[in-house]
Amino acid sequence: MNELWAGVRSELEARVGTHNFATWIAPLDLRAIEGGSADIACPTRFLSDWVSRHYARPILDALSNQGAEVERLNFTIATGARPAPGTAAASPAPAPEQPAARVPARGIMGDDEMSAPLDSRFTFDNFIVGKPNELAHAAARRVAEGGPVTFNPLFLYGGVGLGKTHLMHAIARERQARDPEARVLYLSAEQFMYRFVRALRERTVMNFKELFRTVDLLMVDDVQFIAGKDSTQEEFFHTFNALVDQGKQIVISADRAPGEIKDMEERIRSRLSCGLIVDLHPTDYELRLSILQSKTELFRATYPGLTLCDGVLEFLAHRITSNVRVLEGALQRLFAFASLTGHDIDLDMTQESLADILRASDRKVSVEEIQRKVAEHYNIRLSDLVGPKRVRTLARPRQIAMYLAKQMTSRSLPEIGRRFGGRDHTTIMHGVRKIEELRREDRSMAEDIDLLRRALEM
Ligand code: ADP
Ligand code: MG
C-alpha cells in the first residue's frame, strides 16, 4: 500500500505542480483499497471537499497508472493523516488561556483598541464567486467558521480591486457573528506600523504587544507595505510567531505572492509561506457579468424607475477588465447620470458617459497571449508556432500571430521578432504584410482573424 501510494504521490507531484502538491496532496494518506474504492485519510473536511472536487480525476488516473483498480475515492477525516505544512497538528498545542492577560472581550475591537472599521457591504453574501476567486472564497469561509486552525496563515494575494479586503472584512464579520467572544482584529499593515511607531514613541510597547498577542483572529491587509520597514517587520514577525504558537488564526493579504515581496526578510517570507497561499486571479467575463448583475440589483433599489437596456452589462463586462472597483464605479456613474438626465441606460449613453473609463481600460494584450490563442485556434503546439519549421500549416498561423501582435500591442517589430524565436524585424514585417494581403482576398481568413481578435479582447 505504501509503495503504491508513493508512486501515486510522485506522479501527482509532477502533474499538479509542487505548490499544489504540498497544499492538497501531501496531507493525504491511502489507507485501503476495497471493492474498487480507495479509502483516503485526510486531516480536515475542508481539504477533503476541495480535493474531491478538484483532484479526484488526477488521483484516480494516477492510481490506475500504478496498477490499482479503483473507481471511487472515499475520504475519511482522520487526525492521524499527515499534517499539512503549517497546520495546527504540526504546531505545538495551543497554550492554555490566561484570562488575566486578556483585554476584556468586546468583539471586533473599537478604534481605540486598534482595529480598523469594517465596511458593512463587504460580506460573504455580497461576494460573487466565480472560477477566479473560488479557492480564496472557500478558504475565507473556512477561516470564518472558526474551529481548529487548519492552515496558518491564510495568505491571500492578487492585484488591486480583486476582493482581498472584501473577503477579509467578510471573515471578520462572520467570525464575530458566530462567536461574539472571539477577539477579531483587522487592520492594514500601514495601520499596524503606525500604531507600533506610536507605541514606541509613547513608550507603550508592552501594551501594544499584549494587545496583539491576545487576539483570536488577526488579519493584516496589504502586508507588502511593511517590506523594507525594518523594525515594524521585526515586530510583526514576533507577533505572528506568538499567535501561531498559541494556535490562533492569522490571515494576511498582499498584492503579490510571499516569495515576490521585495525587501521582506527571508525568515518572514518563509513564515508567511507555510500556511495556505491562495491567489485571486484576474476576473473573467462570466464573473464580471455576475458581479454587474448583482450590483445592478442594489442600484435599482437606490434609483427606482430607470431602464437598463439589454446588452449594456455584457458590454461593460467585455470592455472593463481591469478590476472590480472600476467596474462598480462605472455602473454607479451610469445610474447616477441616468437619474439626473432621465435618459435610459443604453449603449450610446454608456459609451458617452464612460468614455474615459473605457479608454483607460482598453485591454492590453500581450504577444504571448496572442501566440497561445492562435496556437490553440489552429491546434498546433506553441513551440511550433514560434519555432523554425517552415511548413505552411505552421507558417500561416505564425504570420497571423505576428499580424495580431502588430495590431493589438504596442510592441515594435524587433520586439515582436524577439518573441517569435528571435526572428528579424523584416521577417515580421513580411508576415504582417502577407496577412494584410490575404485578409483582403480571403473572406474566411478575414473572419478567422476577427474571431481571434474578439477572443483576445475578452
Ligand atoms: P482589493 O482589496 O483586492 O484591492 P477590494 O476587496 O477592495 O479589493 O475590492 C474592490 C471592490 O470590488 C470592492 O467594492 C468589493 O466589494 C468589490 N468586489 C471585488 N470582488 C468582488 C466579488 N467577487 N463580488 C462582489 N464584489 C467584489
Ligand atoms: Mg484592499
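Keep in mind that this is a model prediction, so the values were computed, not measured.

Conventions and cut-offs
- Residues numbered from 1 in each chain as written.
- Chains lettered and ligands numbered in written order.
- Predicted model: local features only at pLDDT ≥ 70, side-chain atom pairs only at ≥ 80, totals over all residues.
- Heavy atoms only, no water.
- Near = heavy atom within 4 Å.
- Polar contact = N/O pair within 3.5 Å; in protein donor to acceptor, adjacent residues only side chain to side chain.
- Areas by Shrake-Rupley, 256 points an atom, 1.4 Å probe, with all protein chains shown as cover.
- Helix = DSSP H or I, 4+ residues; strand = E, 2+ residues; numbered from the N terminus.
- Domains from an automatic or database assignment.
- Salt bridge = Lys/Arg side-chain N within 4 Å of Asp/Glu carboxyl O.
- Core = buried A, V, L, I, M, F, W, Y, C linked by side-chain atoms within 4.5 Å.
- Buried < 20%, exposed > 50% of the residue type's maximum accessible area, 1.4 Å probe, protein only.
- Contact = heavy atoms within 4.5 Å.
- Pairing = 2+ DSSP bridges.
- Axes fitted to C-alpha atoms, helices over the stretch in contact; angles between N-to-C directions.
- Phe/Tyr/Trp six-rings, centres within 6.5 Å; stacked < 30°, edge-to-face > 60°.

Enquirer: Mind showing me how you'd approach the site of ligand 1 here?
Expert: Ile-128, Gly-161, Thr-165, His-166 and Arg-325 are the nearest of the 18 residues found near ligand 1. In the environment of ligand 1, an oxygen atom lies 2.8 Å from a nitrogen or oxygen atom belonging to the side chain of Lys-164. One of the side-chain nitrogen or oxygen atoms of Arg-325 is found 2.8 Å away from an oxygen atom of ligand 1. Isolated, ligand 1 exposes 550 Å² of accessible area, and the fraction of that covered by the protein chains is 95%. Breaking the shell around ligand 1 down by element, the ones donating at least two residues are α6 (164-178), α11 (285-302) and α13 (324-341).

Enquirer: Just checking my understanding: could you explain the domain arrangement of the protein for this structure?
Expert: The accessible area lost on association of the parts is a frequent measure of interface size. Along its sequence, the protein is carved into domain 1 (2-77), domain 2 (108-279), domain 3 (285-361) and domain 4 (367-457). Taken over C-alpha atoms, the centre of domain 1 sits 31 Å from the centre of domain 2. Applying the counting rule to domain 1 against domain 2 returns one salt bridge. The residue Glu-134 makes a salt bridge to Arg-53 at a minimum N-O spacing of 3.0 Å. Our count for the domain 1 to domain 2 interface comes out at one residue pair in polar contact (both at pLDDT 80 or more).

Enquirer: Where do I start with the nonpolar core in this structure?
Expert: As a rule of thumb, nonpolar side chains are buried together in soluble globular proteins. Membership of the largest hydrophobic core comes to 56 residues, with the highest contact counts inside it found for Trp-24, Leu-28, Ile-59 and Leu-63. Here this core takes seven residues from helix α5 (residues 134-144), the largest share from any one element. Residues from two domains meet in this core; each of domain 1 (2-77) and domain 2 (108-279) gives at least three. Apart from the residues within four sequence positions on either side, Leu-63 is in contact with Leu-4, Val-8, Leu-30, Ala-38, Ala-68, Val-70 and Leu-73. Counting residues in each nonpolar core, the second largest holds 32 residues, with Phe-212, Val-223, Ile-250 and Leu-272 among its members.

Enquirer: Help me out: how do you make sense of the sheet that holds strand β2 (residues 37-42) in this one?
Expert: As a general point, the strands of a sheet are linked pairwise by backbone hydrogen bonds and lie either parallel or antiparallel. Judged by pairing direction, the sheet is mixed, and its three strands sit side by side in the order β1-β2-β3 without closing on themselves. One side of each edge strand has no neighbouring strand; the edge strands of this open sheet are β1 (29-34) and β3 (72-77). Strand after strand, the sheet turns through a mean of 25 degrees between neighbouring axes, direction not considered. Where β1 and β2 come together, five bridges link them in antiparallel fashion. What sits directly across from Leu-30, in β2, is Ile-40. Together, β2 and β3 form the strand contacts of helix α3 (residues 45-54), whose direction differs from that of β3 by roughly 170 degrees.

Enquirer: Please clarify how the pairing of strand β5 (residues 184-188) should be interpreted in this entry.
Expert: Looking along a regular strand, one sees the side chains alternate between the two faces of the sheet. Most of β5 is tucked away, with five of its five residues classed as buried. Where burial is concerned, the two faces of β5 agree: the one with Val-184, Tyr-186 and Ser-188 and the one with Leu-185 and Leu-187 are both buried.

Enquirer: Mind showing me how you'd approach the packing of aromatic side chains here?
Expert: Aromatic ring pairs are defined here through the distance separating the ring centres and the angle between the ring planes. A full pass over the atoms with the stated rule returns eleven aromatic pairs. Consider the rings of Phe-192 and Phe-236, whose centres lie 5.7 Å apart with planes at 90 degrees: the pair is edge-to-face. Of this pair, Phe-192 sits in helix α7 (residues 189-201) while Phe-236 sits in helix α9 (residues 230-245); the two residues are 44 residues apart in sequence, bridging distant segments of the chain. Neither residue differs from the other here; Phe-192 and Phe-236 are each classed as buried. With 6.5 Å between their ring centres and 40 degrees between their planes, Phe-299 and Tyr-303 make a pair best called tilted.

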